[in-house]
Amino acid sequence: MTDVTADPGPGSVDETDYQRVQRSPEFQDLRRRFRNFVFPMTALFLVWYFAYVLLANYAHDFMSTTVWGNITVGLLFGLGQFVSTFAITMIYARWANRRFDAAADELRLEIEEDEL
């Protein structure tokens with residue numbers, strides 16, 4: 001008895017363009033580059049964010065320490081969340097422009113040429 005639900009395999013007539021591109025070394029490289037940048041950056045931001053939340057919740061004396069006038073450590077950490085969000089956005093945009101977008105455009109052009 002033959003299995004009619006078996007995977008047709010690479011290069012099969014039933015393979016879609018998406019599946020072909022997904023298997024390509026160029027796409028795999030792009031995905032690896034993206035993950036190598038985004039996952040560590042996300043982890044770093046989450047650690048920073050949760051440190052802020054935990055300090056705000058459990059270290060009231062530290063967070064209410066006055067730095068200058070009415071400015072407290074907690075306020076500076078809170079503003080630092082906004083600054084770090086903008087910094088991460090700028091770092092990502094610069095990284096994508098230098099190391100990611102050109103390769104992605106090249107792959108896109110290659111895919112579009114194959115469709116003609």
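This one's a predicted model, so the numbers in the text were calculated from it and none came from an experiment. (Residues numbered from 1 in each chain as written. Predicted model: local features only at pLDDT ≥ 70, side-chain atom pairs only at ≥ 80, totals over all residues. Heavy atoms only, no water.)

Visitor: I keep staring at the nonpolar core and nothing clicks. Help me out?
Guide: A general tendency of soluble globular proteins is for nonpolar side chains to be buried together. Grouped together as the largest cluster of nonpolar side chains are 10 residues: Val21, Leu30, Phe37, Val38, Met41, Trp95, Ala96, Phe100, Leu107 and Ile111. Of all the secondary-structure elements, those providing two or more residues to this core are helix H2 (25–58) and helix H4 (73–115). At 5 residues, the largest contribution of residues to this core is made by H4. (Core = buried A, V, L, I, M, F, W, Y, C linked by side-chain atoms within 4.5 Å. Buried < 20%, exposed > 50% of the residue type's maximum accessible area, 1.4 Å probe, protein only. Helix = DSSP H or I, 4+ residues; strand = E, 2+ residues; numbered from the N terminus.)

Visitor: Honestly, the side chain of Gln81 in this entry has me stumped. Any pointers?
Guide: Within the fold, Gln81 resides in helix H4. Judged by its relative accessible area of 9%, Gln81 falls in the buried class. Excluding anything up to four places from it in sequence, Gln81 contacts Phe45, Trp48, Tyr49 and Tyr52. (Contact = heavy atoms within 4.5 Å.)

Visitor: Sorry if this is basic, but what is going on with the side chain of Ser84 here?
Guide: Following the sequence through the fold, Ser84 ends up in helix H4. The exposure class assigned to Ser84 is buried, which follows from its relative accessible area of 16%. A polar contact of 3.0 Å, which involves the side chain of Ser84, links it to the side chain of Trp48. Polar contacts involving the side chain of Ser84 include one to the main-chain carbonyl oxygen of Gln81, which spans 2.9 Å. Every residue in contact with Ser84, bar those within four places of it in the chain, is listed here: Phe45 and Trp48. (Polar contact = N/O pair within 3.5 Å; in protein donor to acceptor, adjacent residues only side chain to side chain.)

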